[in-house]
Amino acid sequence: MFPWVDGFHWSVGHIVFLSLFFAVVLTILSTLLSAVWRTASDFRTHRATDMCWQMNFAELPETERRCRHQLAGRVLSRICDNAFDCRHCLKYAEFAALPVKTPSKNVGIGYSNQLLYHRGHTWVRPESDGNLTVGLDELAHHLIGRPDSVELPVKGSEIESNGIGWRMRKNGHEIRVRAPIDGTVVSTGGDEEGWYLKIRPRLPLDLRHLLREAEVPGWLSSELDRLQLQLSASKSQPCLADGGTLMPELMDALPAADWDTVLEATFLEV
Amino acid sequence: MSELLVVDRRWIARGAERSSTTRFLLWLVPWVALLALGIYAAGLCLYYGLNQTNMDNRFAFGMWIFLDLAIIAMGAGAFFTGFLVYILKQADLKPILNSAVVLGFICYSGAVAVLMVDVGQPLRAWFTFWYPNTHSMLTEVTFCITCYLFVLILEYIPVLLRNRQLRKVPSFLVFEHQLHHLVPVLAALGAFLSFFHQGSLGGLYGVLRGRPFAFRQGFAIWPSTFFLFILSAIAVGPSFLILVTAAAEKLTGQKLVQPGVFRKLGLISGLLLGVYVAAKAIDTLIWLNITSRAVGFAPWDFYSYKPFGSALLFLEIVPLGLLPAFLLTVPLTAKKRGWLLCGAALACGGILLNRFVLTVQTLALPTLAFDEFLKYIPSWQEVASFAGVIAYGVIVYSLSYRYLPMFGRVKGADTNVSVG
């Protein structure tokens, strides 16, 4: 094995064989160490959050990756291939110029044309001081109701778009809410305040990736359809909606439902 | 119990259809019992020594080595599929790659476990690395199998880290991503290591001058069995992968891979099997007419000891060699699932028989005038130890199938349709 080990000979056989062996061992070790080093480097350079999101996005079912232009009726069918980040979409301008074909309708859940929406069920409101307020949208609020506990980031901490904005617990389930934008947390709220974070956005500010106006009802409508299917009794077939509206505190009202799956689909987890 | 159900569902990938927790536990019970029996039997062998087996100084290799050689050959599907996907860029085989890695990991870790019991003295296992005998092919086998097991562990880790709960830890997900990027390096290393240890396992028999039934001539320091073992392993590895995946499809009632993947694996397996059978036939003819006679043996005498008659040789080359090569290659049969699976099963049977002949028949035959034809029946401890390895394999594969993305996305393929 080594020259100082009893039985070692400086023969061609020993040298060739052990050289190959050590080369193999070194390759295995360097591969492992390289992966560890690259991982650490990704966290150091803040690439890790985006990488995690990209990987999770790629694993989402197609129905949860629909392009915003399909939701607005500008195209019949399109799957997003930019991880919902329209800022990097080469076709954004081309599709955005198309006329909206989704008729304005009451989707059974409230939304505001003054707010911008992230697919992870948060809204963003630009404030006059240049900061952005972030809250949970009405669908998420109807699902969770009053959370058992909320774990918010500390003031001054940096959050990254599609990374974890804050965590909540409800009936033993951990809910990880994705941050809709990049920036620094300047203030934290909670369920009672009606908003969760105030953020000083990273400049230059670009909110193009957030849903707005005609895209929102289409998106909420498809989310309600998904929710209805996921909460319907197992093995039952999809059926026409009865026109009712979503009841509040759904997690308390239906404790036996598969909430892990519902929450993951709602908050863009795989 | 309800807590267990919740935990079980939480670890299964979202959208994946899996059997109920109760049904899965019932499926595991007999295998866990068999594994427990195997561990007990292996414990007896390690505690009391090899007197628990029916091997002795003359019959030093038995059921363990025969089956070890067979599962290592069948586990070759892991390195060979990795080689095809990452080195030869056969991207259409990617959906089955994770399954191949898990299968390879099971085969090699199981084989190493049995070898540990066979060699005994586990506390001195490191001697083989610290004081290597560089003149022994077994040393190369030990080194290569150990290194390759580490490679397989590194290839298995990314599959493991894609589990529904584990992937929620960001560092795991990023590490998985980075390790996955380096998998081509591991695939190349796996091919290098497998080439040598599969070959050396065959070379081990070919260099036995004292066993003229196995002794072969060859190229440089490598007897022909070195090359035949490599060829047979890469021929049968894909067939075994087809069989296991088809069994998983049958048991789960789900379509796990596209038929085209089976067809392609079958074609590769069939073509390589055809080359192997041709090489094996030529090697046998050279041995019958030159090698054996040169050292003063009448080769057909070896086949006079029942039950090891010449029918065994015919069985290995024709029904378990040529026939599966035909079934897997010819479009008429290969496109029919039944015939494809039949071909794959026969190919695996052929490798089992080949390893049996080289291990058990070689040692049973007398080589000196005063030698006797030996008989060997494995003890219950030998059978139970190996059954334990099979149970271990079934349990690991079942758990991997249930909780890991073995066959990619379960529902539908990714498409990006743009209809304006």
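All figures in this text were calculated on a predicted structure; none of them were measured in a lab.

On to the nonpolar core. Ala70, Ala73, Met74, Val101, Val151, Leu193 and Val236 of chain B are the most contacted members of the largest nonpolar core, which has 167 residues in total. Considering each element in turn, this core owes the most residues, 14 residues, to helix H10 (residues 224-252) of chain B. The residue makeup of this core includes at least three contributed by each of domain 1 (1-45) and domain 2 (51-266) of chain A. When near neighbours in sequence (up to four residues on either side) are disregarded, Ala70 of chain B contacts Ile351, Leu352 and Arg355 of chain B.

A word on the pairing of strand S8 (residues 183-190) of chain A. Residue and element names in this part refer to chain A. Pairing geometry for strand S5 (residues 158-159) and S8, over two bridges, is antiparallel. Within S8, the position partnered with Glu158 by the bridge is Thr184. Inspection of the sheet shows S8 paired to strand S9 (residues 195-201) by six bridges, in the antiparallel sense. What sits directly across from Gly190, in S9, is Trp195. Here S8 hands over to S9 after four residues, with Gly194 in that stretch at a positive phi of 85°.

Turning our attention to the environment of Asp206 of chain A. Residues and elements named next belong to chain A. By the element assignment, Asp206 lies in the loop between S9 and helix H6 (215-231). Take Asp206: there are 14 C-beta atoms within 10 Å of it, and that puts it in the partly exposed class. It is 24 Å that separates the C-alpha atoms of Asp206 and Glu138, two residues lying 68 residues apart in sequence.

Here we come to the interface of chain A and chain B. On the chain B side, the residues contacting the 36 residues of chain A number 39 residues. Of all the elements in the fold, those that place two or more residues in the side of chain A that touches chain B are helix H1 (12-44), helix H2 (48-59) and helix H8 (259-266) of chain A.

Pairing between strand S3 (residues 132-136) of chain A and S9 of chain A: three bridges, direction antiparallel. Directly across from Leu132 of chain A, in S9 of chain A, lies its bridge partner Ile199 of chain A.

This next bit is on the domain arrangement of chain A. Split into domains, chain A comes out as domain 1 (1-45) and domain 2 (51-266). Relative placement of domain 1 of chain A and domain 2 of chain A: their C-alpha centres are 49 Å apart.

All right, on to helix H9 (residues 183-206) of chain B then. Residue and element names in this part refer to chain B. The end-to-end C-alpha distance of H9 is 34 Å, a good match for the 34 Å that 24 residues give at a rise of 1.5 Å each. When the local axis directions of H9 are compared, the greatest deviation, roughly 25°, occurs at Ser200. Counting buried residues along H9, 20 of its 24 residues qualify, which places the element largely inside the surrounding structure.

Residue and element names in this part refer to chain B. Relative to the assigned elements, Ala188 resides in helix H9. The class of Ala188 is partly exposed, set by 17 C-beta atoms lying within 10 Å. In this structure the C-alpha to C-alpha distance between Ala188 and Ile87, which are 101 residues apart in sequence, comes to 7.2 Å.

So, about the sheet that holds S3 of chain A. Residues and elements named next belong to chain A. Strand order in the open sheet formed by six strands is S1-S2-S3-S9-S8-S5, with antiparallel pairing between adjacent strands. At either margin of the open sheet sits one strand with a lone partner, and together these are strand S1 (116-118) and S5. Sheet topology places S1 next to strand S2 (residues 122-126); three bridges connect them, and they run antiparallel. Bridging from a neighbouring strand, Tyr117 pairs with Trp123 of S2.

This brings us to the sheet that holds strand S7 (residues 173-178) of chain A. Residues and elements named next belong to chain A. A sheet is described by the order of its strands in space; here three strands give the open sequence S4-S6-S7, paired in antiparallel fashion. At either margin of the open sheet sits one strand with a lone partner, and together these are strand S4 (149-151) and S7. Strand-to-strand twist across the sheet, computed as the mean angle between neighbouring axes with direction ignored, equals 20°. Relative to strand S6 (residues 164-170), S4 runs antiparallel, the two sharing three bridges. Opposite Ser149, over in S6, you have Arg169 as the bridge partner.

This part covers H1 of chain A. Think of an α-helix as turning once every 3.6 residues; residues three or four places apart then point the same way. Here H1 of chain A is 33 residues long and its end C-alpha atoms lie 46 Å apart, about the 48 Å a rise of 1.5 Å per residue gives. Packing partners of the buried residues in H1 of chain A comprise H2 of chain A together with helix H7 (137-160), helix H8 (170-181) and H9 of chain B. Where H1 of chain A ends, the next residue or the one after it, His46 of chain A, has phi of about 60°, a positive value.

Moving on, we get to the packing of H2 of chain A against H8 of chain B. Packing of H2 of chain A against H8 of chain B brings their axes to within 9 Å, and their N-to-C directions diverge by 75°. Our classification of the angle between H2 of chain A and H8 of chain B gives roughly perpendicular. Counting all contacts with H2 of chain A, which are made through Ala48, Met51, Cys52 and Met55 of chain A, the residues of H8 of chain B involved are Pro170, Leu173, Val174 and His177 of chain B. For the contact of H2 of chain A with H8 of chain B, a count of residues per class yields seven nonpolar, one polar and no charged.

It is worth spelling out the packing of helix H4 (residues 76-87) of chain B against H10 of chain B at this point. Residue and element names in this part refer to chain B. Running from N to C, H4 and H10 cross one another at 95°; their axes reach a closest spacing of 8 Å. With respect to their mutual orientation, H4 and H10 come out roughly perpendicular. Residue-level contacts link Ala76, Gly77, Phe80 and Thr81 of H4 to Ala233, Ile234, Gly237, Pro238, Phe240 and Leu241 of H10. Taken together, the residues of the contact of H4 with H10 sort by class into seven nonpolar, three polar and no charged.

Locating Ala113 of chain B in the fold gives a position in helix H5 (residues 97-119). Put simply, Ala113 of chain B and Ser385 of chain B are 272 residues apart on the chain and 9.6 Å apart in space, counted from C-alpha to C-alpha.

Residues and elements named next belong to chain A. The linkage connecting Leu203 with the following residue, Pro204, adopts the cis geometry, with an omega of 0°. You can see Pro204 is positioned in the loop between S9 and H6. Residue Phe84 is not a glycine yet carries a positive backbone phi of 60°. Inspection of the secondary structure assignment puts Phe84 in the loop between helix H3 (68-71) and helix H4 (92-96). A positive phi is found at Asn162, a non-glycine position, where the angle reads about 75°. Position of Asn162 relative to the elements: it lies in the loop between S5 and S6. With 26 C-beta atoms counted inside 10 Å, the residue Asn162 sits in the buried group.

Parameters at a glance
Residues numbered from 1 in each chain as written. Chains lettered and ligands numbered in written order. Predicted model: local features only at pLDDT ≥ 70, side-chain atom pairs only at ≥ 80, totals over all residues. Core = buried A, V, L, I, M, F, W, Y, C linked by C-beta atoms within 7 Å. Buried ≥ 20, exposed ≤ 12 C-beta atoms within 10 Å, placed from the backbone. Helix = DSSP H or I, 4+ residues; strand = E, 2+ residues; numbered from the N terminus. Domains from an automatic or database assignment. Contact = placed C-beta atoms within 7 Å. Pairing = 2+ DSSP bridges. Expected span 1.5 Å × (residues − 1). Bend = angle between axes of the 7 residues up to and from the residue. Axes fitted to C-alpha atoms, helices over the stretch in contact; angles between N-to-C directions. Parallel < 35°, antiparallel > 145°, perpendicular 65-115°, else oblique. Nonpolar A, V, L, I, M, F, W, Y, C, P; charged D, E, K, R; others polar.

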